[in-house]
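Now for the letters of each chain:
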Amino acid sequence: MTMQSAAPRAKRILMVGAPGAGKGTQADAIAKQFGITHIASGDLLRRHIAEGTTIGRTVEDIVNKGELVPDSIIMDMLRKPVLAAADTGGYVLDGFPRTVEQAEAAYRTAGSLGVGVQIAVHLEVPEDELIRRLLARARGADDTEDVVRHRIKVYEEKTRPLLDYYAQRELLIQVNGARPVAEVTWSIVVQLQRAFKRSNTHASGARQATTQDRAVA
Ligand code: AMP
């Protein structure tokens, strides 16, 4: 690496959880707490759709059905905001990676930037609570119970395997997301602070001790 900017110290936090688990809300709170940038792939996609851009027109149907948008579109869309955030302290990514393939691609990009610690936060919420939350906030006409159930199925099949991926390779923080918002935030913040401290102490890059602490904080 020749160019070492602020990136090596950047905090890179990834939120993993089913639709309705509270990733967006918690990502916002974490971003404020640590002074870093919240980047939500779903929000960016919805903005493209609302603005009728080329990306928006390409993905509209896919998003409305609750399927996954092709990796190439997601990677292109995220590259700039992620690089900018990595240079200004770091980011909380919410909604990406969504598959092991996306995680591997993200890991390669991050590795080539020489950026520091990466931590995945898993928000666990029981399925009936997810469905209750998702139906209560029903985003648009297409958010019927069928679409909601399909989104959760896609999560179970495509995204849940990420948890093993992170448990084996990097830090994975497990949080019970079925509690009141402030309690969940507190639990995440406490565990992140511990993990950052550990990573500063060991200072050996991203591949180090794996933690799977059940959140009791
Ligand atoms: P979210 O707001 O994160 O639930 O995302 C809403 C929708 O955007 C998803 O149901 C997918 O259709 C699409 N989407 C968001 N992030 C990704 C991603 N990383 N990979 C593929 N599709 C995505």
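Re the site of the ligand
By nearness alone, 15 residues border the ligand, and Ser41, Glu67, Gly95, Arg98 and Gln102 come closest of all. The side chain of Ser41 places a nitrogen or oxygen atom 2.7 Å from a nitrogen atom of the ligand. Taking Val69, its main chain carries an N or O atom lying 3.0 Å from a nitrogen atom of the ligand. Relative to its unbound accessible surface of 480 Å², the ligand loses 96% to contact with the protein. Among the elements that take part in the shell around the ligand, helix α2 (residues 41–51) stands out by supplying four residues, more than any other.

Examining the packing of aromatic side chains
For the structure shown, the criterion picks out two aromatic pairs. Relative to Phe196, the ring of Phe34 has its centre 5.4 Å away and its plane inclined at 85°; by these criteria the two rings are edge-to-face. Residue Phe34 is found in helix α1 (residues 23–34), and its partner Phe196 is found in helix α9 (residues 181–202); the two are separated by 162 residues along the sequence. Each member of the pair, Phe34 as well as Phe196, carries the same accessibility label: buried. Ring plane angle 85° and centroid distance 5.1 Å describe the contact between Tyr165 and Tyr166, whose orientation is recorded as edge-to-face. In this structure, Tyr165 and Tyr166 share a single accessibility class: buried. Note that Lys11 overlies the ring of Phe196, its terminal NZ or CZ placed 5.0 Å from the centroid.

What about the packing of helix α6 (residues 127–137) against helix α7 (residues 145–159)?
With their axes 10 Å apart at the nearest point, α6 and α7 run at an angle of 135° to one another. On the basis of the axis angle, α6 is oblique to α7. Pair α6 / α7 crosses with right-handed handedness. Residue-level contacts link Glu127, Leu130, Ile131, Leu134 and Leu135 of α6 to Glu145, Val148, Arg149 and Ile152 of α7. The class makeup of the residues in the contact of α6 with α7 is six nonpolar, no polar and three charged.

Section: the confidence of the model for the chain
Note: predicted coordinates in regions of low pLDDT should not be interpreted at a detailed level. For the chain, the average pLDDT comes to 85, and 83% of its residues sit at 70 or higher. Low pLDDT, under 50, characterises residues 1–6; the stretch is placed with six contacts to residues that sit more than four places away or in other chains. This stretch, residues 204–217, has a pLDDT under 50; its non-local contacts, to residues over four places away or in other chains, come to 33 contacts.

Rules and cut-offs
Residues numbered from 1 in each chain as written. Predicted model: local features only at pLDDT ≥ 70, side-chain atom pairs only at ≥ 80, totals over all residues. Heavy atoms only, no water. Near = heavy atom within 4 Å. Polar contact = N/O pair within 3.5 Å; in protein donor to acceptor, adjacent residues only side chain to side chain. Areas by Shrake-Rupley, 256 points an atom, 1.4 Å probe, with all protein chains shown as cover. Helix = DSSP H or I, 4+ residues; strand = E, 2+ residues; numbered from the N terminus. Phe/Tyr/Trp six-rings, centres within 6.5 Å; stacked < 30°, edge-to-face > 60°. Buried < 20%, exposed > 50% of the residue type's maximum accessible area, 1.4 Å probe, protein only. Lys NZ or Arg CZ within 6 Å of the ring centre and 35° of its normal. Axes fitted to C-alpha atoms, helices over the stretch in contact; angles between N-to-C directions. Parallel < 35°, antiparallel > 145°, perpendicular 65-115°, else oblique. Left-handed = near helix turned anticlockwise from the far one by under 90°. Contact = heavy atoms within 4.5 Å. Nonpolar A, V, L, I, M, F, W, Y, C, P; charged D, E, K, R; others polar. pLDDT = per-residue confidence, 0-100.

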